[in-house]
Amino acid sequence: MKLMQSMLAGAALGALLVSIPASAQELEEVTIMLPNNNTTSMYPQIVARDAGLYEKAGLKVTTLDSDTTVPYIAFLSNGDADVVMLDAPQTFQAVNAKQPIVVVFEGMQNAPEVLSVITDGPIKTLADLKGKTIGLASDRDQTTAQVVLDSAGIPIEEVKTVVVSDQGPVVAKALKDGTVVAYAAGINDTTVLAAFGIKMTDLTPPDLKVNPANTFSVWKPTLDEKRAKLEKFFRVWAMAQRAVKVDPETVMAMCKKATPEEWENEDAGKALMDAAIFLNYPTTEKFGDLQTAVWEKVQGPYIKFGQIEGKLDPATFLDNSLIEAANNFTDAEVKAALDAWKAANPS
């Protein structure tokens, strides 16, 4: 009798385990750091999270708070983060400091930083900015202003710069009352100014926008041991990037639901969505592909302005071994995830 009870108990336990979703038993943990964890400007994160792509891939993704003064690289070196998103200067500075990082996936292949002026305002060209005051979203946007002005042969010393923040109402007031006549910031920061009745014109030369602006890096010594879960993560990220072409209306609806504050003004929200697509959708044939020639070309200004000591060989910090796995998906898989989200969110 005891044997029979034991067998029945074992069968019941087996049935219980089968009934538990695989995701609840087998989720692999991945910890990431992004410049912003919840914004239309980074729609792949919203799609990957809210459409359940992470869970479907068997991942539990944790995003660390990006509002920190600690360099992102530190979170890689101490093992607190598996993946961090860095801009080009941060990447070059880490490599220059002999940190063993490798760039494995280009999340954004166009630069989000721009130098803009009020459309139909008094400033028409970069030359018109001589002697004027340029507003900065943050201290780091000093480099944006410096690089853009340098393209027109204007030293940064010929203008005045002041940090005005990235808060729409504050920036709008500074522009309207003439405290600043231009604004160096991320394209999302300039786009939202439409909500305050301000249309901006970008004076950044197109060639400066071809830039590995926000790319994913990992700690090289641990790449092989984490390879399997990193392949899953980047496959999900690529699927989320692709989603905007498979079903743009649903992606927009997801962003509106996740970030309603960015969509209080519908026109501003749509403009932000357009900017997000420009930034996040790849210019290369493969999602996340690494562009050696671009990494070589963009180093010039950073060397000139002393941010890195000299030319860095991209072969020492680029690793494309995850790209094939990242691109191994179909549009049908993406559509199925978006359709499931629509069914669960009929409004």
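Predicted model only: the values in this text are computed from it and were never measured.

**Details of the packing of aromatic side chains**
We describe a pair of aromatic rings using the distance from one ring centre to the other and the angle between the two ring planes.
Working step 1: Under the counting rule described, the total for this entry stands at 14 aromatic pairs.
Working step 2: Where phenylalanine 92 meets phenylalanine 317, the ring centres are 6.1 Å apart and the plane angle is 90 degrees; that geometry is what we call edge-to-face. Taken together, the positions of phenylalanine 92 in helix 6 (residues 88–96) and phenylalanine 317 in the loop between helix 15 (299–304) and helix 16 (323–326) put the pair 225 residues apart, joining distant regions of the chain.
Working step 3: Taking the centre distance of 5.8 Å and the plane angle of 85 degrees together, the rings of phenylalanine 216 and phenylalanine 233 count as edge-to-face. Linking phenylalanine 216 in strand 10 (residues 210–219) with phenylalanine 233 in helix 11 (residues 223–246), this pair joins segments that are 17 residues apart in sequence. An identical accessibility class is assigned to phenylalanine 216 and phenylalanine 233; each is buried.

**Quick look at the sheet that holds strand 2 (residues 59–63)**
Working step 1: An order of 2-1-3-10-4 is seen for the 5 strands of this open sheet, with the pairing classed as mixed. The open sheet has two free edges, formed respectively by strand 2 and strand 4 (101–110), since each of these has just one partner strand. Mean inter-strand twist for the sheet, computed between neighbouring axes without regard to direction, equals 25 degrees.
Working step 2: Pairing geometry for strand 3 (residues 83–86) and strand 10, over 3 bridges, is antiparallel. Across the sheet, valine 84 pairs through a bridge with serine 217, a residue of strand 10.

**Section: the sheet that holds strand 9 (residues 200–202)**
Working step 1: Read from one edge of the open sheet, 5 strands run 7-6-8-5-9, paired in mixed fashion. Strands with a single pairing partner mark the edges of an open sheet, and in this sheet they are strand 7 (160–163) and strand 9. Sheet twist, expressed as the average angle between the axes of neighbouring strands with direction ignored, equals 30 degrees.
Working step 2: Direction of pairing for strand 5 (residues 113–118) relative to strand 8 (residues 182–186): antiparallel, over a ladder of 5 bridges.

**Re the environment of aspartate 267**
Working step 1: Mapping aspartate 267 onto the fold places it in helix 13 (residues 266–280).
Working step 2: Since its relative accessible area comes to 59%, aspartate 267 is described here as exposed.
Working step 3: Once the C-alpha coordinates of aspartate 267 and alanine 195 are considered, the two residues, 72 residues apart in sequence, prove to be 7.6 Å apart.

**Describing helix 17 (residues 331–344)**
Working step 1: Taking 1.5 Å of rise per residue, 14 residues should cover 20 Å, and helix 17 covers 20 Å from first to last C-alpha, within 8% of that figure.
Working step 2: Here helix 17 has its buried residues at Val334, Ala337, Leu338 and Trp341. Looking down the long axis of helix 17, one finds its buried residues gathered within 95 degrees of arc, a one-sided arrangement. The outward face of helix 17, more than 90 degrees from its buried face, is lined by the exposed residues Ala332 and Ala343.
Working step 3: On the buried face of helix 17, the contacting elements are helix 3 (43–50), helix 4 (53–56), helix 11 and helix 12 (248–258).

**Notes on helix 12**
Working step 1: Buried residues of helix 12: Thr250, Val251, Met252, Met254, Cys255 and Ala258, and no others.
Working step 2: On its buried face, helix 12 sits against helix 3, helix 11, helix 13 and helix 17.

**Comments concerning the pattern of salt bridges**
Working step 1: This model, assessed by the stated rule, comprises 16 salt bridges.
Working step 2: The salt bridge partner of lysine 229 is aspartate 82, with a shortest N-O separation of 3.7 Å. Taken together, the residues lysine 229 in helix 11 and aspartate 82 in the loop between helix 5 (72–77) and strand 3 connect sequence positions 147 residues apart.
Working step 3: Given the relative accessible area of 7%, aspartate 82 is considered buried.
Working step 4: A salt bridge links aspartate 87 to arginine 140; its shortest N-O distance comes to 1.9 Å. Separated by 53 residues along the polypeptide, aspartate 87 in the loop between strand 3 and helix 6 and arginine 140 in the loop between strand 6 (133–136) and helix 7 (141–150) bring together distant segments of the chain.
Working step 5: Residues joined in a network through salt bridges with shared partners are Asp247, Lys335, Asp339 and Lys342.

**With respect to unusual backbone geometry**
Working step 1: For lysine 98, which is not a glycine, the phi torsion comes out positive at approximately 65 degrees.
Working step 2: With respect to the helices and strands, the residue lysine 98 is situated in the loop between helix 6 and strand 4.
Working step 3: The residue serine 165 is not glycine, and still its phi comes out positive at about 85 degrees.
Working step 4: On the secondary structure map, serine 165 appears in the loop between strand 7 and helix 8 (168–176).

**So, the nonpolar core**
Working step 1: Counting residues in each nonpolar core, the largest one holds 56 residues, and the members touching the most others are Val47, Phe105, Phe233 and Phe234.
Working step 2: When residues of this core are assigned to their parent elements, the largest contribution, 11 residues, is made by helix 11.
Working step 3: Residues contacting phenylalanine 234, with those up to four places away along its chain left out, are Val83, Val104, Phe105, Phe216, Leu322 and Ala326.
Working step 4: Among the nonpolar cores identified, the runner-up in size contains 24 residues, and Met33, Phe92, Val95 and Leu318 belong to it.

**Notes on the side chain of threonine 250**
Working step 1: By the secondary structure assignment, threonine 250 is in helix 12.
Working step 2: Within the structure, the side chain of threonine 250 is placed 2.7 Å from the side chain of aspartate 247, a separation counted as a polar contact.
Working step 3: Look past the residues within four positions of threonine 250 in its chain and what remains in contact with it is Leu338, Trp341 and Lys342.

What counts and how
- Each residue is numbered by its place in its chain's sequence as written, counting from 1.
- Note on the predicted model: pLDDT of at least 70 is required for a residue's local features to be given, and 80 or more for side-chain atom pairs to be given and counted; whole-chain, interface and lining totals, by contrast, use all residues.
- Hydrogens and water molecules were not included; the side-chain quantities draw on all heavy atoms of the structure.
- Only Phe, Tyr and Trp rings are paired, with Trp represented by its six-membered ring, and only when their centres lie within 6.5 Å; those with planes under 30 degrees apart are stacked, over 60 edge-to-face, the remainder tilted.
- Only DSSP runs of H or I reaching four residues or more are called helices, and only runs of E reaching two or more are called strands; each is numbered from the N terminus.
- Partly exposed describes any residue whose relative accessible area lies between the buried limit of under 20% and the exposed limit of over 50%, with all areas from a 1.4 Å probe on protein chains only and scaled to the type maximum.
- Note: two strands are recorded as paired if DSSP finds a minimum of 2 bridges between them.
- Note on geometry: axes are lines fitted to C-alpha atoms, helical ones only across the stretch in contact, with angles between N-to-C directions running from 0 to 180 degrees.
- Multiplying one less than the number of residues by 1.5 Å gives the expected span of a helix.
- What the arc describes is the spread of directions from the helix axis to the C-beta atoms.
- Residues count as neighbours in contact if any of their non-hydrogen atoms are within 4.5 Å of one another.
- What counts as a salt bridge is simple: a side-chain nitrogen of Lys or Arg found within 4 Å of a carboxyl oxygen of Asp or Glu.
- Residues grouped as a nonpolar core are buried Ala, Val, Leu, Ile, Met, Phe, Trp, Tyr and Cys residues, joined through side-chain atoms within 4.5 Å.
- The term polar contact refers here to a pair of N or O atoms within 3.5 Å; inside protein, the definition further demands a hydrogen-donor-capable atom paired with an acceptor-capable atom, and it admits residues adjacent in sequence only when both atoms are side-chain atoms.

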